[in-house]
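Residue-level listing of the chains:
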Amino acid sequence: MWDPNRLTVGPAPIDFVSLDDAALAIASRSLRGGVHLCNAYTLALADERPEIAEVLNTDAANLPDGMPLVWWAKRNGAPEAERVYGPDLMERVLDLGRAYDTRHYLYGSTTGVLAELEAAIGMRWPGTHIVGSKSPPFRDLTDDEIGESVIRAAVAGANVVWVGMGTPKQDLLVHRMATIGEGTFVAIGAAFDFIAGTKSQAPRWVMRIGMEWFYRLVTEPGRLWKRYLIYNAKFVRLLWRSRRQRQGTNSL
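Residues numbered from 1 in each chain as written. Predicted model: local features only at pLDDT ≥ 70, side-chain atom pairs only at ≥ 80, totals over all residues. Heavy atoms only, no water.

*Asks:* Mind showing me how you'd approach the overall build of the protein here?
*Replies:* Broken down by element type, the protein carries 13 helices and eight strands. Relative to the compact-globule value of 18 Å for 252 residues, the protein shows a C-alpha radius of gyration of 18 Å, a close match. The buried share of the protein, reckoned over its 252 residues, is 52%. In the protein, 76% of the contacts between residues at least 6 apart in sequence involve partners at least 24 apart. (Helix = DSSP H or I, 4+ residues; strand = E, 2+ residues; numbered from the N terminus. Rg over C-alpha atoms; globule rule 2.2 N^0.38 Å. Buried < 20%, exposed > 50% of the residue type's maximum accessible area, 1.4 Å probe, protein only. Contact = heavy atoms within 4.5 Å.)

*Asks:* What is the right way to read unusual backbone geometry from this model?
*Replies:* In this structure, the amide linkage connecting T167 to the following residue, P168, adopts the cis form with an omega of 5 degrees. In this fold, P168 is placed in the loop between β7 (160-164) and α8 (169-180). Here the phi dihedral of R29 falls at roughly 70 degrees; this positive angle occurs in a residue that is not glycine. With respect to the element layout, R29 can be found in the loop between α1 (19-27) and β3 (33-38). Even without being a glycine, D101 presents a positive backbone phi close to 55 degrees. Checked against the element boundaries, D101 lands in the loop between α5 (86-100) and β5 (103-108). D101 gets classed as partly exposed once you look at its relative accessible area, which sits at 43%.

*Asks:* Help me understand α8 in this model?
*Replies:* Given 3.6 residues per helical turn, the α-helix brings residues three or four places apart onto the same face. Here α8 contains 12 residues, and its C-alpha end-to-end distance of 17 Å stays within 8% of the 16 Å for a straight helix at 1.5 Å per residue. Listing the buried residues of α8 in full gives Q170, D171, L173, V174, H175, M177 and A178. Buried residues in α8 make contact with β3, α3 (50-58), β5, α7 (143-155), β7 and β8 (184-187). (Expected span 1.5 Å × (residues − 1).)

*Asks:* Mind showing me how you'd approach the layout of surface pockets here?
*Replies:* Gaps left between atoms show up when a probe the size of a water molecule is rolled over them. The calculated volume of the largest pocket comes to roughly 1,100 Å³. Contributing to the lining of the largest pocket are 50 residues, with N39, R216, L224, R227 and Y228 lying nearest its centre. If you list the elements that add at least two residues to the lining of the largest pocket, you get α2 (40-48), α4 (67-75), α5, α8, α9 (191-196), α11 (212-219), α12 (221-229) and α13 (231-250). For the lining of the largest pocket, a count of residues per class yields 27 nonpolar, 13 polar and 10 charged. (1 Å grid on protein atoms, 1.4 Å probe; cavity = no way out; pocket = protein on both sides within 12 Å on 5 of 7 lines; lining within 4 Å. Points joined across faces, edges and corners; volume = space filled by probe spheres on them. Nonpolar A, V, L, I, M, F, W, Y, C, P; charged D, E, K, R; others polar.)

*Asks:* I would appreciate a short explanation of the pattern of salt bridges in the present structure.
*Replies:* Where charged atoms from two side chains of opposite charge come close, those side chains can pair. A full pass over the atoms with the stated rule returns 11 salt bridges. Between R49 and E51 there is a salt bridge, and its shortest N-O distance comes to 2.8 Å. A residue is classified by how much of its surface remains accessible, and R49, at 29% relative accessible area, is partly exposed. Taking the shortest distance from any N to any O, the salt bridge between E148 and R152 comes out at 3.2 Å. A residue pair is termed a helical-turn pair when its members lie 3 or 4 positions apart in one helix, as E148 and R152 do in helix α7 at four residues. (Salt bridge = Lys/Arg side-chain N within 4 Å of Asp/Glu carboxyl O.)

*Asks:* Quick question: what am I supposed to make of the sheet that holds β8 here?
*Replies:* Strands in a sheet are paired, the pairing made by backbone hydrogen bonds, and the direction either parallel or antiparallel. Taken in spatial order, the six strands make up an open sheet running β4-β3-β8-β7-β5-β6, and their pairing is parallel. Bordering the open sheet on either side are β4 (61-64) and β6 (129-134), each of which pairs with just one other strand. The mean angle between the axes of side-by-side strands here comes to 20 degrees, regardless of whether they run parallel or antiparallel. Bridging between β5 and β7 involves five bridges; their strand directions are parallel. Residue L106 lies in a different strand from β7, and its bridge partner there is W162. (Pairing = 2+ DSSP bridges. Axes fitted to C-alpha atoms, helices over the stretch in contact; angles between N-to-C directions.)

*Asks:* When you look at the nonpolar core in this model, what are you seeing that I'm missing?
*Replies:* The tendency in soluble globular proteins is for nonpolar side chains to be buried as a group. L89, M90, W162 and F192 are the most contacted members of the largest nonpolar core, which totals 31 residues. Elements with a contribution of two residues or more to this core: α1, β3, β4, α5, α6 (111-124), β7 and α9. It is α1 that provides the largest number of residues to this core, a total of six residues. With sequence-adjacent residues up to four places away left out, L89 is seen in contact with L19, A22, A23, I26, L37, L63, V84 and W162. Counting residues in each nonpolar core, the second largest holds 26 residues, with A12, A40, Y41 and A53 among its members. (Core = buried A, V, L, I, M, F, W, Y, C linked by side-chain atoms within 4.5 Å.)

*Asks:* In this structure, what is going on with the side chain of T102? I would like to understand it.
*Replies:* You can see T102 is positioned in the loop between α5 and β5. Looking at T102, the relative accessible area reads 1%, which means it is buried. Separated by 2.8 Å, the side chain of T102 and the backbone oxygen of A27 make a polar contact. (Polar contact = N/O pair within 3.5 Å; in protein donor to acceptor, adjacent residues only side chain to side chain.)

*Asks:* So what exactly am I meant to see when it comes to the pairing of strand β1 (residues 6-9) here?
*Replies:* Across a regular strand the side chains alternate sides, sitting on one face of the sheet and then on the other. A one-sided burial pattern is seen for β1, the buried positions being L7 and V9 and the unburied ones R6 and T8. Pairing analysis gives four bridges linking β1 to strand β2 (residues 12-15), with the strands arranged antiparallel. The residue of β2 that forms the bridge with L7 is I14. With antiparallel pairing between neighbouring strands as the criterion, β1 and β2 make up a hairpin whose turn holds two residues, including G10 at a positive phi of roughly 60 degrees.

Taken by themselves, the reported measurements are silent on function.
Right, here's the structure in full:
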């Protein structure tokens, strides 16, 4: 087990490490395999879809990308827990990676966003090694296509493959990549758009009070209404169930 502060939340274990520790583990290549940024939506989906739960229970690390998870952890055995926000994690690894000669591969989004992202990285973190990028088709990928992408990243010498395709597609893909490839494969969500500047992030104070979901719902209601209005409620029930289970275990 990579993280001594790993707690089970509903269907999956979560690694309640600091942002700095997670970034250092990835940049220094001490954490290898599939890495997932988990929030309310991720865990609510895993609670109803066994294949997602299996991925989260099998891969190398699940990081807490949501304030409700952090608040829950502080009350249930991890008082030092903090949020590992996907864009912050990617930025920190890009920065630290320059000292570790970390080589990055970008997988996902559109060719336009990838071009903007590479330009932003070059400007903000000069000397960062981006060894390749690919915008895959917007459909389910075949095993051959996934294998080819892993080989391309390996031939390019990538240590970290950042996968930005949205939950749960990116989590399932990262798992498949990690089972056939070496290195670290990170399901990073909307970080490509945020770092490239093609989408706006919620203000930091909104994130701190756990209301980022509302900001994103207002900015993209057509795409995100179900994710936040339905799955947030499922997540609340999941947290309550997890708390009851922990209380029952501790009473034995």
